[in-house]
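What follows is the residue order along each chain.
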Amino acid sequence: MKKNAAFIFSDQFLEYHFHENHPFNQKRIQLTKELLEQSNALTSEDLLLPRKASDKEIALFHDEDYIEAVKRASFNQLTDDEKREFGLGTEDTPIFDGMHEASALLVGGSLTAVDEVINERVNHSLNIGGGLHHGFKRKASGFCIYNDAAIAIRYIRKNYNLRVLYVDTDAHHGDGVQSAFYDDPNVCTFSIHETGRYLFPGTGEVNERGIKQGFGYSFNLPIDAFTQDESFLEVYEGAIRRIAEFFKPDIIITQNGADAHTYDPLTHLCTSMKIYERIPEISHELAHEYCNGKWIALGGGGYDIWRVVPRAWAQIWNVMKMGTISTGPLPRTWIEKWKKESPVNIPNHWHDTNEEAFPYIPRKPEINDKNSKLLNQLLKYTFKPQKK
């Protein structure tokens, strides 16, 4: 009998580690897994080990010269010019020992997730080690070395010939994935993110719509800084339902960055756990409406690893496995274990209950109106495009 979902995990995911003070901290994967286990939502039968992606699979998207550069960087063998050329050794994406092996395993996790779903062993699969959406064909960027999402989509297109809807709810624009399929009418990309006026990578305007045969299959909602729950969910759900109806995908891949929360230190959005409870529900509904349940979810950004990311990512799994989010208090055993290490107070509940933590935004009506107008502009594009 086919299982509902698979949770892709290896302790080696934590080896994707730049340095102790880097904001991209994969301990959040361990925190999420243990939260689910201690909530009795995740068992050993749900877990699936990832395989390591081969060089040939990574080359479905990345240049072979770049792959070789990453391998050499793993042994500190790159010149300064090569580091600049390939985006390695920067403040955002510093070099670390074994970076090729660690990155290839994250990619393999996403490919494992794909195979489990498409070969109908499960309806849904979750690889929170993936979602490294800023990687480019021959350049690392924004904490991302290999772009597992782009590789997984190319893998689907090559081996299964399915039409893929890629949905990115990270606070940062999914630029690397968009660029990979900007001319491809069989891959529809949708990214909702904080406007690039103040936030990396500075792209993702509503008028970025694709080129050549792919014109009309790229969608972006660059919402305003300080957007809160009501506006985020209004424009997100309004857009994604129309985009899915327009594209009619065979399979959905979601990148689930958890950095739009007001606690996140790197962005300016001001949402709560409400959006991270609703986003996976919508993905689940659309997957069953259009794709016979075929849904693969990846991780992504998220830099408050104690208060936000574990709860947000755990809710994806709760929806995948049980069809509903978790509510009520978090397990005391999990809180007691990690509160000694956490520099902040760990929440007691799945929902956000500390209303004082959420700022008053004087511009809220203006922000909401601006976002609504942006949605209306995007909805005009949800028609079959004329060939360019």
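Residues numbered from 1 in each chain as written. Predicted model: local features only at pLDDT ≥ 70, side-chain atom pairs only at ≥ 80, totals over all residues. Heavy atoms only, no water.

Trainee: Could you clarify how one ought to interpret the overall build of the protein chain in this entry?
Mentor: Helix and strand counts for the protein chain come out as twelve helices and eight strands. Compactness check: the protein chain gives a C-alpha radius of gyration of 20 Å against a globular reference of 21 Å for 388 residues, within 12% of the reference. Reported as C-alpha extents along the three principal axes, the dimensions of the protein chain are approximately 50 × 50 × 50 Å. Across the 388 residues of the protein chain, 61% fall into the buried class. Sequence-distant contacts in the protein chain: of pairs separated by 6 or more residues, those separated by 24 or more amount to 79%. (Helix = DSSP H or I, 4+ residues; strand = E, 2+ residues; numbered from the N terminus. Rg over C-alpha atoms; globule rule 2.2 N^0.38 Å. Buried < 20%, exposed > 50% of the residue type's maximum accessible area, 1.4 Å probe, protein only. Contact = heavy atoms within 4.5 Å.)

Trainee: Got a minute to help me understand the state of the cysteines in this structure?
Mentor: Disulfide: a covalent bond connecting the sulfur atoms of a pair of cysteines. Under the defined criterion, the tally for this structure stands at zero disulfides. This cysteine, Cys 188, is not joined by any disulfide, and Cys 291 carries the nearest cysteine sulfur, 12 Å off. (Disulfide = S-S within 2.5 Å.)

Trainee: Mind showing me how you'd approach the sheet that holds strand E1 (residues 3–8) here?
Mentor: Two strands in a sheet stick together by hydrogen bonds in their backbones, pointing the same way (parallel) or opposite ways (antiparallel). Spatially, eight strands are ordered E2-E1-E3-E8-E7-E4-E5-E6 in an open sheet, and the strand pairing comes out parallel. The sheet is open, and its two edges are formed by strand E2 (47–48) and strand E6 (218–223), each paired on a single side. Bridging between strand E7 (residues 251–255) and strand E8 (residues 295–298) involves four bridges; their strand directions are parallel. Residue pairing in the sheet places Gln 255 in a bridge with Leu 298 of E8. Relative to the sheet, helix H5 (residues 99–118) contacts E1, E2, strand E3 (122–127), E7 and E8, its axis offset from that of E3 by approximately 170°. (Pairing = 2+ DSSP bridges. Axes fitted to C-alpha atoms, helices over the stretch in contact; angles between N-to-C directions.)

Trainee: What is the right way to look at helix H12 (residues 364–379) in this model?
Mentor: Each α-helix turn comprises 3.6 residues. Residues three or four places apart therefore point the same way. Over its 16 residues, H12 runs 22 Å from end to end, which matches the ideal 22 Å to within 8%, given 1.5 Å per residue. For H12, the complete set of buried residues consists of Ile 367, Asn 371, Ser 372, Leu 374, Leu 375, Leu 378 and Leu 379. Angular distribution of buried residues about the axis of H12 spans 160°; they occupy a single face of the element. H12 presents Pro 365 and Lys 373 as exposed residues on the side facing more than 90 degrees away from its buried surface. (Expected span 1.5 Å × (residues − 1). Arc of directions from axis to C-beta.)

Trainee: In this structure, what is going on with the pattern of salt bridges? I would like to understand it.
Mentor: Pairs can form between side chains of opposite charge whenever their charged atoms are close. What the rule picks out here adds up to 31 salt bridges. A salt bridge links Asp 46 to Lys 321; the nearest nitrogen and oxygen atoms lie 2.7 Å apart. Pair noted here: Asp 46 is in the loop between helix H1 (27–38) and E2 and Lys 321 is in helix H10 (residues 309–322), with a separation of 275 residues, a long-range link. Between Arg 138 and Asp 63 there is a salt bridge, with the nearest N and O atoms lying 2.9 Å from each other. (Salt bridge = Lys/Arg side-chain N within 4 Å of Asp/Glu carboxyl O.)

Trainee: Quick question: what am I supposed to make of helix H6 (residues 148–160) here?
Mentor: Here H6 contains 13 residues, and its C-alpha end-to-end distance of 17 Å stays within 8% of the 18 Å for a straight helix at 1.5 Å per residue. Looking only at H6, the buried set comprises Asp 148, Ala 149, Ala 150, Ile 151, Ala 152, Ile 153, Tyr 155, Ile 156 and Arg 157. A positive phi of about 55° marks Asn 161, the residue just after H6.

Trainee: Sorry, what's going on with the pairing of E7 here?
Mentor: Consecutive side chains along a regular strand alternate between the two faces of the sheet. Here E7 lies mainly inside the structure; five of its five residues are buried. By the bridge criterion, five bridges tie strand E4 (residues 164–168) to E7 in an arrangement that is parallel. In the sheet register, Asp 168 faces E7, and the bridge partner there is Gln 255. Each parallel crossover has a hand, and for E7 linked through helix H9 (residues 273–290) to E8 it is right-handed. (Right-handed = clockwise from strand over helix to strand, strands pointing away.)

Trainee: Would you take a moment to explain the packing of aromatic side chains for this structure?
Mentor: Geometrically, a pair of aromatic rings is defined through the distance of the ring centres and the angle of the planes. Applying the stated criterion across every chain, the model contains 19 aromatic pairs. Ring centres of Phe 18 and Phe 24 lie 6.3 Å apart, and the angle between their planes is 75°; on these two criteria the pair is classed as edge-to-face. Ring centres of Phe 143 and Tyr 303 lie 5.7 Å apart, and the angle between their planes is 80°; on these two criteria the pair is classed as edge-to-face. With Phe 143 in the loop between E3 and H6 and Tyr 303 in the loop between E8 and H10, the pair connects residues that are 160 residues apart, well separated along the chain. Given the relative accessible area of 9%, Phe 143 is considered buried. (Phe/Tyr/Trp six-rings, centres within 6.5 Å; stacked < 30°, edge-to-face > 60°.)

Trainee: What is the right way to read the layout of surface pockets from this model?
Mentor: Which parts of space are left empty comes out when a probe the size of a water molecule is rolled across the atoms. Quantified by volume, the largest pocket comes out at close to 300 Å³. If you trace the largest pocket, you find 15 residues lining it, with Asp 229, Ser 272, Lys 274, Glu 355 and Phe 358 closest to the centre. Those elements that provide at least two residues to the lining of the largest pocket are helix H8 (229–247) and H9. A per-element tally of the lining of the largest pocket places H9 first, with three residues. By residue class, the composition of the lining of the largest pocket is four nonpolar, four polar and seven charged. What the second largest pocket holds in volume is close to 230 Å³. (1 Å grid on protein atoms, 1.4 Å probe; cavity = no way out; pocket = protein on both sides within 12 Å on 5 of 7 lines; lining within 4 Å. Points joined across faces, edges and corners; volume = space filled by probe spheres on them. Nonpolar A, V, L, I, M, F, W, Y, C, P; charged D, E, K, R; others polar.)

Trainee: Sorry if this is basic, but what is going on with empty space enclosed by the protein here?
Mentor: Within the structure shown, the criterion is met by four cavities of 30 Å³ or more. In this structure, the largest cavity encloses a volume near 60 Å³. Of all the secondary structure elements, the ones that give two or more residues to the lining of the largest cavity are H9 and H10.

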